[in-house]
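Fold and contact review
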Amino acid sequence: MEAILKNSLARLRALRLPRVCVAVTGSDPADMVEKAEALVRDNTFIEFRLDYLPKPLLAISKIKEFLNYHPHVIAIGTCRRAANGGKFKGTAEAQLEILTKASAAGCQLVDMEMESAAKCKADKVQALRASGALILSHHDFHATKDLDKTLEKMVKIPADYYKIVSTATSLYDNVVMMKFLEQHSHQYSLIGLCMGEQGVPSRVLGVRAGSVFTFAAVSPDEKTAPGQVTAQELNSTFRIESVDAATRVYGVAGDPVAHSLSPAIMNVALRRENVNGVYVALHVKKMKDLLACIRDVPLHGLSVTMPYKQTIIEHLDNTDAHTQKIGACNTVVRAQDGKLYGFNTDAAGVVRPLEQRITIDSAKILVLGAGGAARAAVYGLKERGAEVFILNRTAEKGQKLARSAHAKSIKRADLKKYAFDVIINATPVGMGNTKDSPLNENEINARYVFDMVYDPLETKLMKMAKAKGAETIPGMEMFVHQAARQFEIWTGKPAPWDDMLRVVQVALQERANAAAKNAAPEPAVKKKSAKRA
Ligand code: NAP
């Protein structure tokens, strides 16, 4: 009876907890509380990581003061022992003493590892629950396995919440965690997620599967666990407070994928168009993991990026004729019956920005490259009646594409003989730097130069083209148009193009600013003072 009462009490509390708890660390108690102060305006759920402090007990009075001053804040006191992945070097009894004091200071919840709790007297551990709720936790820093067995062991110690944090070694581990949460969250108040870069989806989708809340970092530089996402990202980008069992899941699959801008623009589009959906980055190491995720999450729509655009095709139930011709698929739709349909929206990403500026029919267009993006451009433009020329580093590949698409292949040496309406760079040359260009200045003879490379915002090719009087089209426009088309295919709604473009512009500008800051030499004065110190 007591157990039932306790459990229902925990469930009531669970209902009132925000979805995101921000983990706060600090070099000393004042630093920790100062960081918490900076957070409280936007975050009302905070975890004090007392184990990060050299002397955790010294923080108790400051935490009490802080919580008295901010009665709306819900706080977790945590003092994880080094043996269980934390930084506290003391005994389990010393940890229990600190948590008891944190609870008395006003922390409504305290987190104690199952391993520590097992080392302490049971009545003392239960006494912790007199003034607050106990989160009994377990961390696996190597794998996601035996979750059911772990829970079975944990529930032998009565607690209000059971938290299991594992490490994702594959994309599919996210699904393992979600299935575990779905299966047991009706019986227990659970918190579950996977650490590691591959476990990022579980930090968003865990709450959809039944995790009472998830943990977030204050900033990218202050992560307390590998793969942790910032509170700002969880709240603003992923809108985690509104993710529920009915939320449709979309994603971008690639390797690497951590720097993809797709989650930023797609989540904005979903929000603007009131679609109950969330879009996550999926770091795919093996195709079979991706296919299992599409089936088991399930994913409603998928953006496919390097290196899977070609290899995904054989796993789809059907693709449109256009995608077949291009031989690359960047968009997958999962129908209600589970069947997978493939599309290629890169061609729309090339055609749409051009048709806003020129009449494509009969325009003379040079495409540099013969890879996946070039193929999408060539076929898309040929369908619109353009006269297409192809120049590729490996001449035979360019000639082959030209033959199959009824385009013309040309040699670099002959470039000077031609004037084009548009030159499109579909090679990666110029990506990530402002020094490289696929053409020399004297080879640019066109009204428009369209660079598919979108980072940096202005490439060397674009700079040279401007100097020669040509108008430029940044790769960012292609990126947004191909994404907008994906959004339309998945949702049947018009994409909020302006909002999507704005998000990408801001993100790329921030990246450019950060790169400039990192590249800037340290001021001489600062160096001197550092030496003195
Ligand atoms: P891909 O399939 O790997 O093809 C790359 C092409 O570039 C090949 O034809 C290759 O020539 C050529 N190439 C590579 N390095 C070169 C170099 N150093 N000098 C001259 N040519 C070189 O790649 P992709 O998927 O087509 O992507 C191409 C570019 O478009 C990438 O930068 C990608 O980021 C960009 N892209 C942008 C968007 C967007 O939304 N803005 C969308 C898709 C792609 P060989 O045949 O000789 O190897």
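In this report, the structure presented in the accompanying data block is examined. The model shown is predicted, which means the values in this text are computed figures rather than measured ones.

1. Describing the pairing of strand 9 (residues 248–254)
- Burial runs high along strand 9: six of the seven residues are buried.
- Traced from strand 9 through helix 11 (residues 262–272) to strand 10 (residues 277–283), the parallel crossover comes out right-handed.
- In terms of strand pairing, strand 9 meets strand 11 (residues 299–304) through five bridges, oriented parallel. Counterpart to Val 249 in the pairing with strand 11 is Leu 299.

2. What to know about the environment of Ser 103
- Note that Ser 103 resides in helix 4 (residues 92–104).
- Assessed through its relative accessible area of 5%, Ser 103 is described here as buried.
- Remark: the alpha-carbon pair of Ser 103 and Gly 338, spanning 235 residues in sequence, is separated by 49 Å.
- If sequence neighbours within four positions are ignored, Ser 103 has contacts with Val 110, Leu 128, Ser 131 and Gly 132.

3. Considerations on the site of the ligand
- Around the ligand there are 23 residues in total, and Ala 370, Ala 373, Asn 392, Thr 394 and Met 452 lie nearest to it.
- The contact in question runs from an oxygen atom of the ligand to an N or O atom on the backbone of Gly 371, over 3.3 Å.
- A distance of 3.0 Å separates a nitrogen atom of the ligand from a polar atom in the backbone of Gly 475.
- Within the complex, 76% of the 920 Å² of free accessible area of the ligand lies under protein.
- Put simply, the parts of the chain that give the shell around the ligand at least two residues each are helix 15 (372–383) and helix 18 (475–491).
- Here the shell around the ligand is built from residues that sort into eleven nonpolar, eight polar and four charged.

Criteria and thresholds
- Residues numbered from 1 in each chain as written.
- Predicted model: local features only at pLDDT ≥ 70, side-chain atom pairs only at ≥ 80, totals over all residues.
- Heavy atoms only, no water.
- Buried < 20%, exposed > 50% of the residue type's maximum accessible area, 1.4 Å probe, protein only.
- Helix = DSSP H or I, 4+ residues; strand = E, 2+ residues; numbered from the N terminus.
- Right-handed = clockwise from strand over helix to strand, strands pointing away.
- Pairing = 2+ DSSP bridges.
- Contact = heavy atoms within 4.5 Å.
- Near = heavy atom within 4 Å.
- Polar contact = N/O pair within 3.5 Å; in protein donor to acceptor, adjacent residues only side chain to side chain.
- Areas by Shrake-Rupley, 256 points an atom, 1.4 Å probe, with all protein chains shown as cover.
- Nonpolar A, V, L, I, M, F, W, Y, C, P; charged D, E, K, R; others polar.

That is the geometry; function is a separate question.
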